[in-house]
Structures are given as structure tokens and as C-alpha cells.
Amino acid sequence: MAGHGTRNRSGGRPTLEEVAARAGVGRGTVSRVINGSPRVSDATRAAVEAAVAELGYVPNTAARALAANRTDAIALVVPEPETRFFAEPYFSDMLRGVGAELSDTEMQLLLIFAGNDRERQRLAEYLAAHRVDGVLLVSVHADDPLPDLLAQLEIPAVISGPRSAAETLTSVDSDNYGGARSAVEHLLSRGRGRVAHITGRLDVYGAQRRIDGYRAALRDAGHAPDEGLIEAGDFTEEGGSRAMAKLLARRPDLDAVFAASDVTAAGARQALREAGRRIPEDVALVGYDDSAIARHMEPPLTSVRQPIQEMGRTMIDLLLNEIADRRPSASRGLERRQVVLATELVARASS
């Protein structure tokens with residue numbers, strides 16, 4: 001009997017044809033056994049499995065994937081420039097959660113950036129060729145055409161945060177509304193009365209929900225929301241610094257700032273320092289994400305913790321379920337899930 005890993009006559013790996021010859025069956029029968037088809041008798045299955053063991057045959061996973069219409073690959077698509085991905089801890093934490101959940105599977109993870117029209121077009125062609133089994137979409141803007149393309153191609157997909165309240169794809173998000181409320185309630189409880197807000201990108205639904213939470217907390221505390229205390233940002237440090245400078249010029253009496261991300265808060269902190277404002281004595285500051293940036297700022301930043309790694313793990317779980325259930329999208333449309341995970345305010349010295 002040949003030992004495991006026996007080479008064939010040409011010195012290479014054993015082939016499917018050699019397994020078929022050893023088992024006394026056709027090549028197609030061997031393929032059906034390897035791919036778990038029930039259309040094989042027990043005796044034939046036993047003969048093929050014995051031949052596989054004797055020859056030390058290792059199935060070609062690429063061929064198996066083609067046979068099963070599977071690629072064993074998932075794409076994590078980021079519709080942002082690479083520079084933003086590497087500058088923001090949100091993305092690395094999300095990637096860590098996704099990677100951890102995939103580590104026990106046979107799936108490969110592809111990281112794809114689609115931050116401009118050329119990259120989006122290239123991605124669309126790649127997806128149309130069905131080179132991945134499913135897609136995770138992170139940081140989706142309201143006008144992004146990719147989610148609709150995925151639905152049209154019937155590629156299983158999960159997005160981090162819905163595009164709107166009427167989202168049709170499965171999504172995983174943190175409680176942006178509740179997180180923002182807790183940030184503003186915290187500032188009000190510290191005696192601050194003129195709380196400003198630097199927003200995220202307003203074409204991101206999560207940023208819109210944070211504004212809603214900010215306004216609701218003020219209204220519930222008897223403060224009429226002052227639109228002059230709201231300035232648009234873009235989740236970047238530079239955007240936070242610019243927005244903070246505008247707020248100080250417009251409302252120099254402000255005594256607190258809720259920033260839509262920790263990176264934005266870092267930019268706001270720089271502008272406050274340049275204006276001679278002390279944190280928290282003159283202006284209290286709260287961020288969002290509870291990233292490493294929050295812990296390492298001086299003073300350490302109060303921030304709303306969203307469970308980013310858990311969001312990544314949950315996205316993978318939902319996507320693997322969608323991949324396993326490949327019924328036409330029309331019949332599973334009602335099963336689309338919108339998962340919202342709780343946030344938590346972490347108080348530090350900045351407030």
C-alpha cells in the first residue's frame with residue numbers, strides 16, 4: 001500500500017485521474033465523492049475514500065471552489081482613500097474583529113479600497129466576475145452605488161451602518177443616537193450650558209443620528225438647540241481643527257464640545273490650545289469611538305465607546321449565514337437584519 005503523500009509516476013502530486021484508476025471508477029465519480037454529493041453508493045464512496053487515503057491525494061481547492069461555485073474569499077471593501085483607513089483606529093479595530101472571527105474558517109479576507117471613481121469601477125468589474133463569496137462594506141456614504149450593485153449581482157453583503165432608515169441590506173451598527181445623547185447629558189451634568197457639536201460627514205447616516213442624539217439631549221434638558229453651535233466636520237483631524245476654529249470665532253462663549261470621533265476631537269483640541277483655551281477648565285471635550293487616541297491624549301479624552309471589534313465579528317457571522325443561505329434575494333428580503341449594538345460613555349479628565 002502506498003504511504004501518505006506518495007508521488008505519482010511523474011514525481012508530482014497524485015492526480016484525480018490516478019485516484020479514479022485506483023478506485024476503479026470514473027473521474028466524475030471521484031469529484032462527486034470529494035464534494036460530498038449524495039448521488040454515490042456507499043460502496044463506491046468507500047472505494048474512492050480508500051484510494052484517496054492510499055495515494056495521499058490532496059484536492060485542488062480552487063477546482064473544488066469552482067465546482068461548488070465558491071471562492072472561499074470575502075472582500076472587506078472600504079469606500080475611502082487608503083490614507084484615511086490607516087489614519088483612523090476605527091478601521092483597524094474593525095479589521096481586527098473581522099480577522100478574529102474568520103480565523104477559524106477556511107475563508108480568505110481581501111482588503112479592497114474604493115475611494116475614487118476609477119477604483120469603484122475596477123471593483124464593480126471584479127465583483128461582477130463573482131470572485132468573492134460575500135462582501136463587507138465599511139463606512140458607506142448615502143450616495144454610494146456599491147450596495148445597490150451588490151444587491152443587483154445577488155452577492156451576499158453586510159454593511160457597517162445603514163445608509164438610511166430604509167436600508168435594505170443587512171447592517172451592523174452601534175447606537176449612534178444613544179451614544180450622542182449620553183455624551184451631551186454627561187456634559188450638561190458637569191454644569192456646561194453651551195455645548196457645541198462638530199459633526200461627522202453628513203452623508204453618513206451614523207453622523208446624522210449623532211446630531212439627532214445631540215439635539216434630543218439638549219431639548220430634554222430644557223436647552224433650545226442653537227444651530228450656531230453646530231459645525232460640519234468630516235471625521236478627520238484637520239476637519240476637527242477647522243470646525244473648532246469656526247465655532248470659536250462664531251461662539252466664543254461655548255464651554256463644551258462633543259466631537260463626532262476621537263480623531264475629530266484631537267483636531268478640536270489643537271485649535272482650542274492655539275486659542276488659549278484650557279481643557280477642561282474653559283472648554284470640556286468629549287469624543288466618539290474610545291480609540292487608543294482617547295486614552296493617549298493630554299488630558300485623556302472622555303469618549304463614547306462603540307464596540308467596533310464586536311461589530312466586525314457580528315458582520316462576519318451575519319455574512320457567513322447569508323453565504324450559506326443562497327436563496328434568491330426576493331425570497332429572503334424580509335429576513336434582512338439591522339443589528340444595533342450598545343454604546344458606553346467612558347469619562348476621563350477632558351470633561
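Heads up: the structure comes first, above all this text.
Scope of this entry: the structure provided in the associated data block. As the structure is a computational prediction, the values presented were derived from the model and not from experiment.

This part is about the packing of helix α11 (residues 237-250) against helix α12 (residues 262-274). Viewed as axis vectors pointing N to C, α11 and α12 meet at an angle of 45°, and their least axial separation amounts to 7 Å. Our classification of the angle between α11 and α12 gives oblique. In this structure, α11 crosses over α12, and the sense of that crossing is right-handed. In contact with Glu237, Gly240, Ser241, Met244, Ala245 and Leu248 of α11, α12 contributes Val263, Thr264, Ala266, Gly267, Ala268, Ala271 and Leu272.

The next thing to look at is the packing of aromatic side chains. Applying the stated criterion to the full structure yields six aromatic pairs. Measuring from ring centre to ring centre gives 5.2 Å for Phe85 and Phe113, while their planes differ by 80°; the resulting arrangement is edge-to-face. Of this pair, Phe85 sits in helix α5 (residues 82-87) while Phe113 sits in strand β2 (residues 108-113), and the two are 28 residues apart along the sequence. As far as burial versus exposure is concerned, Phe85 and Phe113 are alike and both buried. A ring pair is formed by Phe86 and Phe113, whose centres lie 6.2 Å apart and whose planes are at 50°; its orientation type is tilted.

On to the pairing of strand β1 (residues 73-78), then. Summarising burial for β1: six of the six residues are buried, a large majority. Burial along β1 is two-sided: the residues Ala73, Ala75 and Val77 and Ile74, Leu76 and Val78 are all buried. One ladder, built from six bridges, connects β1 with β2; its direction is parallel. Note that in β2 the partner of Val77 across the bridge is Ile112. Note that β1 and strand β3 (residues 134-138) share four bridges and pair parallel. Looking at β3, one finds that Val77 is bridged to Leu137.

This paragraph deals with the sheet that holds strand β8 (residues 256-259). Reading across from one edge, β7-β6-β8-β9-β10-β12 is the order of the six strands in this open sheet, with mixed pairing throughout. Taken across any chain shown, the strands that pair with only one partner, and hence form the sheet edges, are β7 (230-231) and β12 (344-346). The pairing of strand β6 (residues 195-198) with β7 spans two bridges and is classified as parallel. Bridge pairing links Ile198 to Glu231 in β7.

All right, on to the packing of helix α1 (residues 16-23) against helix α3 (residues 42-55) then. Running from N to C, α1 and α3 point in directions that differ by 125°, and their axes come no closer than 8 Å. When the axes of α1 and α3 are compared, the pair comes out oblique. Of the two elements, α1 crosses α3, and the hand of that crossing is right-handed. For the pair α1 and α3, the contacting residues are Glu18, Val19, Arg22 and Ala23 in the first and Ala47, Val48, Ala51, Val52, Glu54 and Leu55 in the second. Residues that form the contact of α1 with α3 fall into these classes: seven nonpolar, no polar and three charged.

Cut-offs used in this document
Residues numbered from 1 in each chain as written. Predicted model: local features only at pLDDT ≥ 70, side-chain atom pairs only at ≥ 80, totals over all residues. Heavy atoms only, no water. Axes fitted to C-alpha atoms, helices over the stretch in contact; angles between N-to-C directions. Helix = DSSP H or I, 4+ residues; strand = E, 2+ residues; numbered from the N terminus. Parallel < 35°, antiparallel > 145°, perpendicular 65-115°, else oblique. Left-handed = near helix turned anticlockwise from the far one by under 90°. Contact = heavy atoms within 4.5 Å. Phe/Tyr/Trp six-rings, centres within 6.5 Å; stacked < 30°, edge-to-face > 60°. Buried < 20%, exposed > 50% of the residue type's maximum accessible area, 1.4 Å probe, protein only. Pairing = 2+ DSSP bridges. Nonpolar A, V, L, I, M, F, W, Y, C, P; charged D, E, K, R; others polar.

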